[in-house]
Amino acid sequence: MRVTLLGTGDTTGTPTPGCDCDTCARARELGVERTRFSVHVRNDRTGESLLIDASPDFRDQFLTHGVDLPDEILVTHIHFDHLDGLGNAYRLLDGAPVYAADETDPETGESVAGTVARKYDYLDAVEPSPRPPLEPFRACGFDVTLVPVDHPPLSCYGVVVEDPETGAKLSLSGDTSYAVPEASRERLADPDLLLADGIVPADLAEQHPIGGRHEDPDGVPRTFGTKHMTREGALALAADLDADRTRIVHAAHFYPADEAFAEPLAVDGEVYDP
């Protein structure tokens, strides 16, 4: 299993267009980026590649990092920064199963798989493949499981990818608050590599209109607002799950410049072999 972090940023990325904050300036100085979220997982035994979330930055990500085009795709939820790269299937992919949850979202009245089918019905290369959460399925030779997380108001899912031959395990928290359901935590637990949503440091929660949530015993917010974990929340989840290695992803440019590129915050292009 070879894991390439194609996109490690939030919805605007870092550097953010039109922004001259110290963090964006520092990113430009370092020559690093955090584009919109996407992860490439290659199975060298089968020669296949699974793409987790289709970033709007799809084209540049694949050109920049030189990875194979995906044979199969998984979509965690319907926010544009995780979904709208599917349009790149046109003329690039002959046909790719697109796995997504089959649960109906009360907010939208359709499942994630249903939204994929509706939005991309004009693309023959997009083949929606609904899957029930918490039930493993085979994709690119891996055992893959969608696990419900907490990203209101929409349904959203984390992902577990396991190699049945080597036992290697990759867990993605998905876009989520710290309130990941217990059944999902059980599936995510004990990963070799955890990619955890950590949009800002906890001390910025006071700047959110509703503040922070899910405070630890010292009062440190593990959730920023309602939708995303703080850095401290991501690290707490990693400890809860007993992750061997953790990279914090979906990071915003609101991190102070002197913290924004420190461990364990990821940047685009990192490669791991769990």
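Reading the values: rules and limits
Residues numbered from 1 in each chain as written. Predicted model: local features only at pLDDT ≥ 70, side-chain atom pairs only at ≥ 80, totals over all residues. Heavy atoms only, no water. Pairing = 2+ DSSP bridges. Helix = DSSP H or I, 4+ residues; strand = E, 2+ residues; numbered from the N terminus. Contact = heavy atoms within 4.5 Å. Axes fitted to C-alpha atoms, helices over the stretch in contact; angles between N-to-C directions. Salt bridge = Lys/Arg side-chain N within 4 Å of Asp/Glu carboxyl O. Buried < 20%, exposed > 50% of the residue type's maximum accessible area, 1.4 Å probe, protein only. Core = buried A, V, L, I, M, F, W, Y, C linked by side-chain atoms within 4.5 Å. 1 Å grid on protein atoms, 1.4 Å probe; cavity = no way out; pocket = protein on both sides within 12 Å on 5 of 7 lines; lining within 4 Å. Points joined across faces, edges and corners; volume = space filled by probe spheres on them. Nonpolar A, V, L, I, M, F, W, Y, C, P; charged D, E, K, R; others polar. Right-handed = clockwise from strand over helix to strand, strands pointing away.

J.: Outline the sheet that holds strand β14 (residues 228–229), listing residues and values.
T.: On the basis of which strands lie adjacent, the open sheet formed by 3 strands has the order β12-β13-β14 and antiparallel pairing. Edge positions in the sheet fall to β12 (212–213) and β14, since each of these pairs with one other strand and no more.

J.: How would you explain the sheet that holds strand β16 (residues 271–272) if you had to name every residue and give the values?
T.: Read from one edge of the open sheet, 7 strands run β6-β5-β4-β3-β2-β1-β16, paired in mixed fashion. Whereas interior strands pair on both sides, the edge strands pair on one side only; in this sheet they are β6 (126–131) and β16. Pairing geometry for strand β4 (residues 72–74) and strand β5 (residues 96–101), over 2 bridges, is parallel. Bridged to Leu74 within β5 is Tyr99. Most of the contacts of helix α2 (residues 58–65) go to strand β1 (residues 2–7), to which it runs at about 130 degrees, and overall it touches β1, β2 (38–43) and β3 (48–52).

J.: Summarise the pattern of salt bridges; cite the residues concerned and give the values.
T.: On inspection of all chains with the given rule, the structure shows 15 salt bridges. For the salt bridge of Arg36 with Asp57, the shortest nitrogen-to-oxygen distance reads 2.6 Å. Of the two residues, Arg36 sits in the loop between α1 (22–30) and β2 while Asp57 sits in the loop between β3 and α2, which places them 21 residues apart along the sequence. Neither Arg36 nor Asp57 differs from the other in exposure class; each is buried. The shortest N-O distance in the salt bridge between Glu263 and Arg247 comes to 2.6 Å. You can see Glu263 sitting in the loop between β15 (246–249) and β16 and its partner Arg247 sitting in strand β15, a full 16 residues away along the chain. For Arg247, a relative accessible area of 3% gives the class buried.

J.: Please set out the nonpolar core residue by residue, giving values where relevant.
T.: Counting 50 residues, the largest nonpolar core has Val41 and Val161 as the members making the most contacts within it. Among the elements that make up this core, the one with the highest residue count is β5 (5 residues). Core analysis: the next-biggest nonpolar cluster, separate from the first, contains 22 residues, Val160, Tyr178, Leu194 and Leu265 among them.

J.: I'd like a rundown of the layout of surface pockets, residues and numbers included.
T.: By volume, the largest pocket amounts to about 310 Å³. The wall of the largest pocket is formed by 22 residues, among which Thr11, Ile199, Lys227, His228 and His250 lie closest to the centre. Sort the elements by how many residues they give to the lining of the largest pocket and helix α3 (residues 80–83) lands first, with 3 residues. Classifying every residue of the lining of the largest pocket by side-chain character gives 7 nonpolar, 11 polar and 4 charged. Roughly 220 Å³ of volume is contained in the second largest pocket. Lining the second largest pocket are 15 residues; nearest its centre among them are Glu33, Thr35, Arg36, Asp57 and Asp60. Of the residues contributing to the lining of the second largest pocket, the split by class is 2 nonpolar, 7 polar and 6 charged.

J.: Tell me about the pairing of strand β11 (residues 193–197), residues and numbers included.
T.: Among the 5 residues in β11, 5 count as buried, and that is most of the element. Of the two faces of β11, the one holding Leu193, Leu195 and Asp197 and the one holding Leu194 and Ala196 are both buried throughout. As paired elements, strand β10 (residues 169–172) and β11 share 3 bridges and run parallel to each other. Paired with Leu170 across the bridge in β11 is Leu193. After leaving β10, the chain enters helix α5 (residues 182–188) and then returns to the sheet as β11, a path that is right-handed. In the sheet, β11 pairs with β15 via 4 bridges, with the strands oriented parallel.

Read these as spatial facts, not as claims about activity.
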